[in-house]
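Structural overview for review
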Amino acid sequence: MQPAPAPAPDADTQRASARVQLPEVEVDLPVIVGTEDEHAVDISRFRDKTGYVTLDPGFGNTAACKSAITYIDGEQGILRYRGYPIEELAETSTFVEVALLLIFGELPTKERLERFRGMLTDEQLLHEGMRYHFEGFPSHGHPMAMLSAMINACGCYHPELLSSEMDDERLLRATATVMSKVCTIAAFSYKMTKGQRMEYPDPSLSYCRNFLHMMFSKPHRRYDPPLQVVRALTKFLILHADHEQNCSTSTVRMVGSSGANVFASVASGVCALWGPLHGGANMAVIEMLQEIQAGGDDPKTVVAKVKDKKFRLMGFGHRVYKNFDPRSKILEKTCTELFDVLGVSDPLLDTARELASIALTDDYFLERKLYPNVDFYSGIILRALGIPLNMFTVMFSIGRVPGWIAHWYELYGDPDRRICRPRQIYTGAGKREYVPMDARRC
Ligand code: ACO
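This is a predicted model, so every value here is computed, not measured.

1. Some thoughts on the overall build of the protein chain
Within the protein chain one finds 18 helices and six strands. Scaling as 2.2 N^0.38, a compact globule of 442 residues should have a C-alpha radius of gyration of about 22 Å, and the protein chain matches this with 24 Å. For the protein chain, the residues scored as buried account for 48% of the 442 residues in total. Expressed as a percentage of contacts within the protein chain between residues at least 6 apart in sequence, the contacts between residues at least 24 apart total 71%.

Written out as structure tokens, the structure is:
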């Protein structure tokens, strides 16, 4: 059995110090240099030494942790998982391989992969008790609400995995449990909203094929998708598998920092992903393109509205990428390949491309370094796969599960781990005298 990896050898090297001058005090702070020569001033003792805290809304300038999982260079458009370029992984790997790479640090051997596949199969079925939970949801309930609730509920059925004390074997089992259950939960929630019988997982199928089977097979007609459909889904999941300290992953780490178990921590990631500024953007992009198609504004008018700050172009812009999002490039190509193979077209893809070409030559977007992000083309692929709009962010969640587990586990083993507890700058009222109810005037 492969042990969990040690942190990258050259990371965390203190090579210099930075002098910070404040009105009353001057202080030297350690400078930490990452393996890709990223420099950070270590402010963990800043308040002790100066009495000051630092203020950074949205954490645009704050590294919350050291991590050896994913490297992004936003200026160059580089994304690597455990050192491997995303382009190579998306082209050649399976999602399950990438999941093991992210969580355990190394690409799995054939034997380990087979063993893990067996565990995924073991964990596919939901406890019968969980079927009753589904029955309690209204049929129009949002699948993201069901997903987060059901992942958390899984903890009730797996008390043996509730501890954050994980060795390699237990982590492998926890990973298989969460990865398998999210697929089954997602497909069950879809079938429920359609009023159709739930299809049981098929242990003979690969991870992606099995998911498509549970989604689209019917009692009288089994769904057997062409290889290219399976490959497009695989790429989609690989490209969403991790993205370092994004909003949902930071949420998972924040929740995990209290010692919360893997189910609770992953469920919190689903909640954070739901918002339209994060994973919910893939849905918002399609709604925006549909509005344009339905005879609303043409792309030029949309861009003009964006520049007037009346509208935000969904699927554009990124906190970290300031050149291009490599995932978006891969997905645009995947759209073309998939449509060629299926012999179909989607007018939304034409509208998306037109919108992108106008935006990418406009000064507003160039000055602010706004480019299509992963969500700009991903929804078009999901539509082609037959995934309904309200399941788009669920699909993102299935992809992101390995990243969330990898970060949850990395945090657990981090010798610097402390409960996440930011400070604040209080801006409310100063001390006031309490006024009893009878003496209060309108
Ligand atoms: N459309 C129009 N203008 C934008 C957009 C956009 N999509 N994104 C940023 N801007 C503008 C802002 O108005 C701001 O302009 P200003 O300097 O004139 O005020 C400037 O660009 C900087 O924007 P911020 O909001 O400060 O950028 P931030 O890094 O905080 O936000 C975010 C990043 C949330 C991704 C943002 O670009 C956005 O809302 N995009 C649309 C939603 C989206 O696609 N989200 C998915 C992101 S990828 C993911 O989570 C998987």
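After that view, the rundown keeps rolling.
2. What to know about the pairing of strand β4 (residues 70-73)
Here β4 shows two buried faces, one formed by T70 and I72 and the other by Y71 and D73. Two strands pair when backbone bridges link them, and β4 and strand β5 (residues 78-81) are joined in this way by four bridges, in the antiparallel orientation. Within β5, the position partnered with T70 by the bridge is Y81.

3. Topic: the site of the ligand
Around the ligand, the surrounding shell holds 20 residues, and the nearest of these are H278, K309, R312, L313 and R319. Between the ligand and L313 there is a distance of 2.7 Å, counted from a nitrogen atom to a backbone nitrogen or oxygen. For the shell around the ligand, the per-class residue count stands at 10 nonpolar, five polar and five charged.

4. Let's talk about the pattern of salt bridges
The full count for this structure, using the stated rule, is 23 salt bridges. In this structure, E114 and R117 form a salt bridge, with 3.5 Å as the shortest nitrogen-oxygen distance. Here E114 pairs with R117, and both are found in helix α4 (residues 110-122), just three residues apart, close to one helical turn. R117 sits in the partly exposed class, given a relative accessible area of 28%.

5. Quick notes on the domain arrangement of the protein chain
A common way to state how big an interface is: give the accessible area lost once the parts meet. Parsing the protein chain into structural domains produces domain 1 (14-66), domain 2 (85-276 + 390-412) and domain 3 (281-385). Centre-to-centre, using C-alpha coordinates, domain 1 lies 37 Å away from domain 2.

6. So, the state of the cysteines
Chemically, a disulfide is nothing more than a covalent bond linking the sulfur atoms of two cysteines. Counting across every chain of the model gives zero disulfides. Cysteine C183 shares no disulfide, and the gap to the nearest cysteine sulfur, in C208, comes to 7.6 Å. Accessibility expressed as a relative area gives 5% for C183, which makes it buried.

7. Examining the confidence of the model for the protein chain
Confidence in the prediction of the protein chain, expressed as mean pLDDT, is 92, and 97% of residues score 70 or more. Residue range residues 1-10 is modelled with pLDDT below 50. Its contacts to residues more than four positions away, or to other chains, number 24 contacts.

8. So, the side chain of S265
Within the secondary structure, S265 is located in helix α11 (residues 262-273). Aside from chain neighbours lying at most four places away, what touches S265 is V252, V255, G256, A260 and W408.

9. As for the packing of helix α15 (residues 347-359) against helix α17 (residues 374-384)
The N-to-C vectors of α15 and α17 enclose an angle of 175 degrees; their axes lie 10 Å apart at closest approach. Between α15 and α17, the interaxial angle falls into the category roughly antiparallel. The residues of α17 that touch α15, namely those facing L348, L349, A352, R353, L355 and A356, are F376, Y377, I380 and R383. Broken down by class, the residue content of the contact of α15 with α17 amounts to eight nonpolar, no polar and two charged.

10. Observations regarding the packing of aromatic side chains
Under the definition given, this model contains 11 aromatic pairs. Taken together, a centroid distance of 6.3 Å and an interplanar angle of 75 degrees make the contact between F134 and F137 edge-to-face. A residue is classified by how much of its surface remains accessible, and F137, at 23% relative accessible area, is partly exposed. Geometrically, the ring pair formed by Y190 and F216 is edge-to-face, given 6.0 Å between the ring centres and 75 degrees between the ring planes. Placement of the pair is Y190 in helix α7 (residues 168-194) and F216 in helix α8 (residues 207-216), with a sequence separation of 26 residues. Judged by relative accessible area, Y190 falls into the buried class, the value being 9%. Looking at F216, the relative accessible area reads 14%, which means it is buried. Every member of this aromatic cluster is reached through a ring pair, and the members are F316, Y364, F365, F376 and Y377. One residue, R112, lies across the ring of F104, its end atom 4.5 Å from the ring centre. Its end group placed over the ring of Y364, R368 keeps NZ or CZ at 3.9 Å from the ring centre.

11. Quick notes on the sheet that holds strand β6 (residues 84-85)
Strands sit in the order β4-β5-β6 across an open sheet of three strands; the sheet is antiparallel. Of all the strands in the sheet, just β4 and β6 have a single pairing partner and so form its edges. Bridge count for β5 against β6 is two bridges, and the pairing is antiparallel. Within β6, the residue paired with R80 across the bridge is P85.

12. Notes on α15
Taking 1.5 Å as the rise per residue, α15 with 13 residues should run 18 Å; its terminal C-alpha atoms sit 18 Å apart, in good agreement. Residues of α15 that are buried in the fold lie against α12 (281-293), α13 (299-307), α14 (326-342), α16 (363-367) and α17. Where α15 starts, the residue carrying a side-chain oxygen 2.9 Å from the main-chain nitrogen of L348 turns out to be D346.

13. What about the pairing of strand β2 (residues 26-33)?
Successive residues of a regular strand alternate their side chains across the two faces of the sheet. Where β2 and strand β3 (residues 39-41) come together, three bridges link them in antiparallel fashion. When the bridges of β3 are listed, I32 appears paired with A40. In this structure, the hairpin formed by β2 and β3 is closed by a connection of five residues, where D37 is found at a positive phi of approximately 65 degrees.

Rules and cut-offs
- Residues numbered from 1 in each chain as written.
- Predicted model: local features only at pLDDT ≥ 70, side-chain atom pairs only at ≥ 80, totals over all residues.
- Heavy atoms only, no water.
- Helix = DSSP H or I, 4+ residues; strand = E, 2+ residues; numbered from the N terminus.
- Rg over C-alpha atoms; globule rule 2.2 N^0.38 Å.
- Buried < 20%, exposed > 50% of the residue type's maximum accessible area, 1.4 Å probe, protein only.
- Contact = heavy atoms within 4.5 Å.
- Pairing = 2+ DSSP bridges.
- Near = heavy atom within 4 Å.
- Polar contact = N/O pair within 3.5 Å; in protein donor to acceptor, adjacent residues only side chain to side chain.
- Nonpolar A, V, L, I, M, F, W, Y, C, P; charged D, E, K, R; others polar.
- Salt bridge = Lys/Arg side-chain N within 4 Å of Asp/Glu carboxyl O.
- Domains from an automatic or database assignment.
- Disulfide = S-S within 2.5 Å.
- pLDDT = per-residue confidence, 0-100.
- Axes fitted to C-alpha atoms, helices over the stretch in contact; angles between N-to-C directions.
- Parallel < 35°, antiparallel > 145°, perpendicular 65-115°, else oblique.
- Phe/Tyr/Trp six-rings, centres within 6.5 Å; stacked < 30°, edge-to-face > 60°.
- Lys NZ or Arg CZ within 6 Å of the ring centre and 35° of its normal.
- Expected span 1.5 Å × (residues − 1).

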